[in-house]
Amino acid sequence: MTGPHKVETDTAAADTAAADTAAADAATARRHSPLEHRAAEFERRSASGARGVRLREEPFLTQLDLRTSPGSSSAVSVAEALRLPLPAANRATGDEHEAVLWLGPDESLIVAPDGRAESLLRTVRNAQQGGSGSVVDVSANRTTLRLSGPMAREVLEKLCSLDLHPRAFGPADCAQTLLGRVVVVLWQLDHEPGYRIMVRCSFAEYLADLLLDAMAEFLDD
């Protein structure tokens, strides 16, 4: 049965939905990444060729902090829901488009493209029902720098005490470590080598300066 009241209700609901969509679009338009103003500088100070290395920001990646006991029914359910096995120590499962990175014995980091946080939160929380664990959106906590090119490892070795030689650290390896004095999540993506460096937004400028300084010797090759 229809009538003026239902039409008014439907119109109000449509107006509310439109307003919510407009607000979401406006919020997205207002977002600014910590290093967006340095994009042209990163391009200018990157180098190609056999001794090249490139730096750019990959902002707004979805990042969810997952806590679950290894081997528990909850962990099994989460892995099935994500269609990705939970990783072994200092490893990542998946690929650069969607992955789970090991951070600690009962802690992992789910990484996905921008805009996936809400759907992944629902997926994981549904999988955790009846079990232990938690999942929290920490996307705003870090931005991501991508360092790639034949000399990328040499650049990182100036700043990091980890053994990054391919015999010890390769594709799908990850670690929480220090670059300079900055705590980061370091994740090797491929054999080029290419790396993602996840850093707290408040330290992003400082880390970018360190990396650019370490890259300088290759700019003139």
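Quick note: structure is the one above.
This report concerns the structure included in the present document. Note on numbering: residues in each chain are counted from 1, in written sequence order. In keeping with the predicted nature of the model, local features appear solely for residues at pLDDT of at least 70, side-chain atom pairs appear and are counted solely at 80 or more, and the whole-chain, interface and lining totals rest on all residues. In computing side-chain values, all of the structure's heavy atoms are included and hydrogens and water are not.

Things to note about the packing of aromatic side chains
At step 1: What counts as a ring pair is set by centres within 6.5 Å for rings of Phe, Tyr and Trp (its six-membered ring), and what kind of pair is set by the plane angle: stacked under 30 degrees, edge-to-face over 60, tilted for all other angles. Enumeration over the complete set of coordinates arrives at 0 aromatic pairs.
At step 2: Whether a charge lies above a ring is judged from NZ of Lys or CZ of Arg, which has to be within 6 Å of the ring centre and within 35 degrees of the ring normal. Above the face of the F60 ring, R31 is positioned so that its terminal group lies 4.0 Å from the ring centre.

Some thoughts on the side chain of S139
At step 1: Every helix listed is a DSSP run of H or I at least four residues long, and every strand listed is a run of E at least two residues long, numbered separately from the N terminus. Take S139: it is sitting in the loop between β6 (134-137) and β7 (142-148).
At step 2: Here, two residues are considered to be in contact whenever any of their heavy atoms come within 4.5 Å of each other. In contact with S139, other than residues within four places in its own chain, are L61, T62 and Q63.

Topic: the sheet that holds strand β4 (residues 99-104)
At step 1: For two strands to pair, DSSP has to find at least two bridges joining them. With antiparallel pairing, the 5 strands of this open sheet are ordered in space as β3-β4-β5-β2-β6. Unpaired on one side and paired on the other, β3 (92-94) and β6 mark the two borders of the sheet. On average, each strand axis in the sheet is inclined to that of its neighbour by 20°, with strand direction left out of account.
At step 2: Pairing analysis gives 5 bridges linking β4 to strand β5 (residues 107-112), with the strands arranged antiparallel. Across the sheet, residue L101 finds its bridge partner in β5, namely L109. Angles run from 0 to 180 degrees between N-to-C directions of axes, and those axes are lines fitted to C-alpha atoms, restricted for helices to the stretch in contact.

Considering the environment of R38
At step 1: With respect to the helices and strands, the residue R38 is situated in the loop between α1 (4-30) and α2 (39-44).
At step 2: Sequence-distant contacts of R38, defined by excluding residues within four places in its chain, comprise E205, A208, D209 and L212.
At step 3: Polar side-chain contacts of R38 include one of 2.9 Å to the side chain of E41.
At step 4: For R38, the side chain forms a polar contact with the side chain of D209, separated by 2.7 Å. Identification of polar contacts relies on pairs of N or O atoms within 3.5 Å, with a donor-acceptor requirement for protein atoms, meaning one able to donate a hydrogen and the other able to accept it, and with residues adjacent in sequence counted only if both atoms are side-chain atoms.

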